[in-house]
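The chain contents come next:
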Amino acid sequence: MKLQQLRYIWEVAHHDLNVSATAQSLYTSQPGISKQIRLLEDELGVEVFARSGKHLTRVTPAGESILEKAGEILRKVETIKQVAQEFSNERAGTLTIAATHSLARYALPPVIRAFRECYPEVRLRMYQGGPMQIAEMAADGGVDFAVATEGLELFGDLVAMPCFWWSPTLLVPASHPLVGRTPSLEEIAEYPLVTYMLGHGGRARLDDAFMHHGIAPDVVFTATDSEVIKTYVRLGTGVGIISEMAYDPEVDRDLVTVDVSTLFSPSVAMIGARYGTFVRAYMFDFIETFAPHLTRELVEQAFLRRNRSELVELFSELELPRHADRLAAVGEVAGRPG
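Reading the values: rules and limits
Residues numbered from 1 in each chain as written. Predicted model: local features only at pLDDT ≥ 70, side-chain atom pairs only at ≥ 80, totals over all residues. Heavy atoms only, no water. Helix = DSSP H or I, 4+ residues; strand = E, 2+ residues; numbered from the N terminus. Polar contact = N/O pair within 3.5 Å; in protein donor to acceptor, adjacent residues only side chain to side chain. Contact = heavy atoms within 4.5 Å. Buried < 20%, exposed > 50% of the residue type's maximum accessible area, 1.4 Å probe, protein only. Core = buried A, V, L, I, M, F, W, Y, C linked by side-chain atoms within 4.5 Å. Phe/Tyr/Trp six-rings, centres within 6.5 Å; stacked < 30°, edge-to-face > 60°. pLDDT = per-residue confidence, 0-100. Pairing = 2+ DSSP bridges. Axes fitted to C-alpha atoms, helices over the stretch in contact; angles between N-to-C directions. Left-handed = near helix turned anticlockwise from the far one by under 90°. Nonpolar A, V, L, I, M, F, W, Y, C, P; charged D, E, K, R; others polar.

On to the side chain of Ser 226, then. With respect to the helices, strands and loops of the structure, Ser 226 is situated in helix α10 (residues 226–234). Within polar-contact distance, the side chain of Ser 226 engages the side chain of Tyr 196 at 2.7 Å. Ignoring sequence-local partners within four residues, the contact set of Ser 226 consists of His 101, Ser 102, Tyr 106, Tyr 196 and Ala 246.

So this is what it looks like as structure tokens:
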């Protein structure tokens, strides 16, 4: 059994069983990959992939278990490489981050700027996606960190650490009747509502608040992008509910926010990494730049916790900053020795 063979079956499985696309991504030949997969199957005595003619059609039950173990082995090999690199050059390497739209657009830019200035030799790779999508990427080892408000707590393989909290805000045109008032849920529900899609932007907390009071709001438009919501508020489609971090008083001067923080529960932005991740010094610095209370010592303790209840207990006494307050601290801890 060769490490290369395990790499091939893992990559084929993650390229929708397309051997040709896998060969292109690995800069090798399609026949070479097919041959190595067959040799591995012959040695194991089971098929990893079912076939129809020359085409792979699905992963077999045995293949599912083999791929799971192969993924663990490949991640450990990568960890060995990272350990070696840590000793050869602690300021160089790669950092991969997946984030939801709102956090990638509004929370991460100053952190990324500070990090790049401090670690110019670190290759940064960033991905944007939905909460479940990026949580899966982190759980599978596809990225180092996932940054999201929802979804991370659903994956037992992830160490999810709280970073800051934010509240939703009501967004209306400057001439709207709700400007300057503190509306009730009933008053908000009198207008068509434009907000986030299910599973995004703390939407579940909005639905819970309305449901708790027996109110069924008229949600006429949903989106994952706060800028899209703003556009439709400007068109008069309805009143908007967005994350407070998405409102820019300079750019959005034609719109007005109405404080509804007492009506909806705040949301908590989290950063998550897979258990067993080798966290290099610059990765600790990135976490602390994004969330200054997450010191190296605290993060190391978090990785020693093996279930959600232990993590909750570890962070239970933390006083999380609000997003706006946290911005003032960005840059102060960048480059602090780990």
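This paragraph deals with the side chain of Thr 100. Looking at the secondary structure, you find Thr 100 in the loop between β3 (93–99) and α5 (101–107). Classification of Thr 100 by relative accessible area gives buried; the value is 9%.

Leu 95, Met 161, Phe 164, Ile 271, Phe 286 and Leu 294 are the most contacted members of the largest nonpolar core, which has 51 residues in total. Considering each element in turn, this core owes the most residues, 6 residues, to helix α11 (residues 281–290). Once residues within four sequence positions are removed from consideration, Met 161 is found in contact with Ala 269, Met 270, Ile 271, Ile 287, Leu 294, Val 299, Ala 302 and Phe 315. Ranked by size, the runner-up nonpolar core spans 17 residues in total, among them Ile 9, Ile 33, Val 48 and Ala 70.

As a further point, take the packing of aromatic side chains. According to the stated counting rule, one finds 8 aromatic pairs in the structure shown. Here Phe 221 and Tyr 232 contribute two aromatic rings whose centre-to-centre distance is 4.2 Å and whose plane-to-plane angle is 20 degrees, an arrangement assigned as stacked. Of the two residues, Phe 221 sits in strand β9 (residues 219–223) while Tyr 232 sits in helix α10, which places them 11 residues apart along the sequence. Among the residues examined, Phe 221 registers a relative accessible area of 24% and is labelled partly exposed. Taken together through their ring pairs, the aromatic side chains of Phe 115, Tyr 119, Phe 145, Tyr 282 and Phe 286 make up a single cluster.

Keep in mind that low pLDDT regions are not for reading the predicted coordinates in detail. Per-residue confidence for the protein averages 89 on the pLDDT scale, and 95% of its residues sit at or above 70. When pLDDT is averaged over each helix and strand of the protein, the minimum, 78, is found for helix α14 (residues 323–327) and the maximum, 96, for strand β8 (residues 193–196).

Taken together, 5 strands build an open sheet; the order of strands is β9-β8-β10-β7-β11 and the sheet is mixed. Single-partner strands in this sheet number two, and they are β9 and β11 (255–259). The sheet shows a mean angle of 30 degrees between the axes of neighbouring strands, direction not considered. The strands that helix α9 (residues 203–212) touches are β7 (168–173), β8, β9 and β10 (239–243); relative to β8, the one it contacts most, it runs at about 135 degrees. Contacts from α10 reach β7, β8, β9, β10 and β11, with the element oriented near 160 degrees to β10.

Strand order in this open sheet of 5 strands is β4-β3-β5-β12-β6, and the pairing throughout is mixed. Because the sheet does not close on itself, it has two edges, and the strands there are β4 (122–128) and β6 (158–166). Averaged over all neighbouring strand pairs, the angle between strand axes comes to 20 degrees, with direction disregarded.

What follows covers the packing of helix α6 (residues 109–118) against α11. The geometry of α6 relative to α11 is characterised by a closest axis approach of 10 Å and an angle of 145 degrees between their N-to-C directions. The interaxial crossing formed by α6 with α11 has right-handed handedness. On α11, the residues touching Val 111, Ile 112, Ala 114 and Phe 115 of α6 are Tyr 282, Phe 286, Thr 289 and Phe 290. By residue class, the composition of the contact of α6 with α11 is 7 nonpolar, 1 polar and no charged.

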